[in-house]
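So you can see what is in the structure, the chains are spelled out below.
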Amino acid sequence: MSDADLVLRSTRVITPEGTRAASVAVTAGTITAVLPYDADVPAGARLEDVGDDVLLPGLVDTHVHVNDPGRTEWEGFWTATRAAAAGGITTLVDMPLNSVPPTTTVDHLRIKQRVARDKAHVDVGFWGGALPDNVKDLRPLHDAGVFGFKAFLSPSGVDEFPHLDQEQLARSLAEIAGFDGLLIVHAEDPHHLAAAPQHGGPRYADFLASRPRDAEDTAIAALVAQARRLNARVHVLHLSSSDALPLIARARADGVRLTVETCPHYLTLTAEEVPDGASEFKCCPPIREAANQDLLWRALADGTIDCVVTDHSPSTADLKTDDFATAWGGISGLQLSLPAMWTAARARGHGLEDVVRWMSARTAALVGLDGRKGAIAPGHDADFAVLAPDETFTVDPAALQHRNRVTAYAGRTLHGVVRSTWLRGERIVADGDFTEPRGRLLTR
């Protein structure tokens with residue numbers, strides 16, 4: 001490491017080979033060596049010793065709704081990426097909807113990139129969108145560098161991003177399979193949703209009944225059938241129904257090219273604890289019962305579920321009314337995802353290595369960034385979070401960085417304080433103080 005310009009040292013460094021005391025050498029923003037803890041520091045290199053705090057790879061969140069441009073009163077790149085950095089996330093991939101225009105053509109992608117370029121505190125990539133009428137745009141978007149394509153199988157909640165029926169799904173998936181792209185899917189069946197009781201009002205039990213598990217299960221079964229027929233790569237977004245897990249396991253065992261994510265809110269919050277009228281807990285598919293959550297954790301542990309992402313989907317506070325039928329459905333989780341997950345994981349006997357695997361290594365692999373992101377290893381970007389895992393804090397919405405400080409975690413005591421976050425060897429936030437934006441725009 002004779003040419004290193006930075007050495008980070010910790011008694012607990014999480015590497016692909018395990019956790020150990022180590023010195024991590026960085027040259028021009030890239031990790032060049034992971035060496036013994038007491039390795040000599042080369043002349044001219046700066047030493048940052050974080051003591052017993054844990055040095056872990058920066059998290060990679062592949063499911064974030066930034067909403068910029070067009071709905072920047074909901075969220076924007078400046079605020080979303082500050083929240084990410086504050087939470088130890090160094091890379092995010094922005095969803096194609098809730099911004100206006102949606103990322104469904106190359107021209108729209110260029111608009112999004114221009115808006116993001118000078119506002120990104122962390123690295124940012126982009127998903128494209130698959131709509132009923134844009135099959136012709138999918139390959140150009142792929143060639144322009146999007147990481148894959150988002151589709152809904154039921155109404156998305158915004159008019160400019162309509163869902164696909166089964167025939168339209170088949171057309172889009174055939175096109176995407178032709179260049180071995182990735183389709184990521186909001187899997188709820190519209191017919192099952194339409195048949196479910198729709199009472200409206202403040203009772204969470206009524207909202208839960210309106211988004212039944214069989215809507216997810218049926219949509220996932222249809223997606224698996226299409227992927228099997230076309231040998232296509234598909235990814236199930238924000239899985240909440242544990243009833244779908246046996247189908248998913250069978251499909252994967254049969255060689256279907258299927259990956260699955262879930263979210264911190266499904267793993268840390270339960271339907272039984274949601275107060276009536278508290279639509280900060282509303283998301284689609286919904287937070288389900290504790291018994292369902294136990295099965296999601298089991299599937300995460302055995303690899304049936306690959307990874308954990310936030311599905312950060314904020315809105316202005318006025319849209320979070322006490323009527324679950326009409327309130328905006330989305331949970332803001334960027335800044336709190338690491339401590340929320342660590343708090344729940346440690347209570348279930350999991351270690352930080354597991355959390356890093358679910359929220360950094362596997363998410364980086366999902367979007368093909370595993371050669372650059374998601375690990376403290378030579379050749380990877382020097383992206384780090386420094387975490388005090390045993391310290392606790394109580395969630396104060398006023399301390400959050402995202403634009404609208406509505407959170408389902410308000411008042412909760414969480415384990416894990418992010419001391420600092422580093423992007424390519426530069427400390428971008430420490431103890432609440434931020435640098436100017438240093439993030440880059442990523443392409444596939």
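Residues numbered from 1 in each chain as written. Predicted model: local features only at pLDDT ≥ 70, side-chain atom pairs only at ≥ 80, totals over all residues. Heavy atoms only, no water.

A. Broad picture of the pairing of strand 12 (residues 233-236). Bridge count between strand 11 (residues 182-186) and strand 12: four bridges; the pairing is parallel. Across the sheet, the residue bridging to Ile 184 is His 235, located in strand 12. (Pairing = 2+ DSSP bridges. Helix = DSSP H or I, 4+ residues; strand = E, 2+ residues; numbered from the N terminus.)

B. Representation of the pattern of salt bridges in the model. In total, this model carries 26 salt bridges according to the counting rule given. The shortest N-O distance in the salt bridge between Arg 357 and Asp 354 comes to 2.9 Å. Of the two residues, Arg 357 and Asp 354 both sit in helix 12 (residues 352-366), three residues apart, roughly one turn of that helix. Here Arg 357 falls in the partly exposed class, since its relative accessible area comes to 29%. Assessed through its relative accessible area of 17%, Asp 354 is described here as buried. Among the ionic pairs, Asp 383 bridges to Lys 373, the shortest N-O distance being 2.7 Å. You can see Asp 383 sitting in the loop between helix 12 and strand 15 (384-394) and its partner Lys 373 sitting in the loop between helix 12 and strand 15, a full 10 residues away along the chain. Lys 373 matches Asp 383 in its accessibility class, with the two residues each being buried. Overlapping salt bridges bring together Asp 123, Lys 373, Asp 381, Asp 383 and Arg 424 as one network. (Salt bridge = Lys/Arg side-chain N within 4 Å of Asp/Glu carboxyl O. Buried < 20%, exposed > 50% of the residue type's maximum accessible area, 1.4 Å probe, protein only.)

C. A look at helix 3 (residues 135-143). Of all the residues in helix 3, the buried ones are Asp 137, Leu 138, Leu 141 and His 142. Buried residues of helix 3, viewed axially, fall in a sector of 140°; they line one side. Helix 3 presents Lys 136 and Asp 143 as exposed residues on the side facing more than 90 degrees away from its buried surface. Where helix 3 is buried, its residues contact helix 2 (106-116), strand 9 (128-129), strand 10 (149-152) and helix 4 (166-178). Immediately beyond the C-terminal end of helix 3, within one or two residues, lies Gly 145, with a positive phi of roughly 110°. (Arc of directions from axis to C-beta. Contact = heavy atoms within 4.5 Å.)

D. Structural view of the environment of Leu 441. Mapping Leu 441 onto the fold places it in the segment after strand 18 (433-434). Leu 441 sits in the partly exposed class, given a relative accessible area of 24%. Along the chain, Leu 441 and Glu 48 lie 393 residues apart, while their C-alpha atoms are 27 Å from each other. Sequence-distant contacts of Leu 441, that is, excluding residues within four places in its chain, are made with Gln 113, Ala 116, Arg 117, Val 124 and Phe 126.

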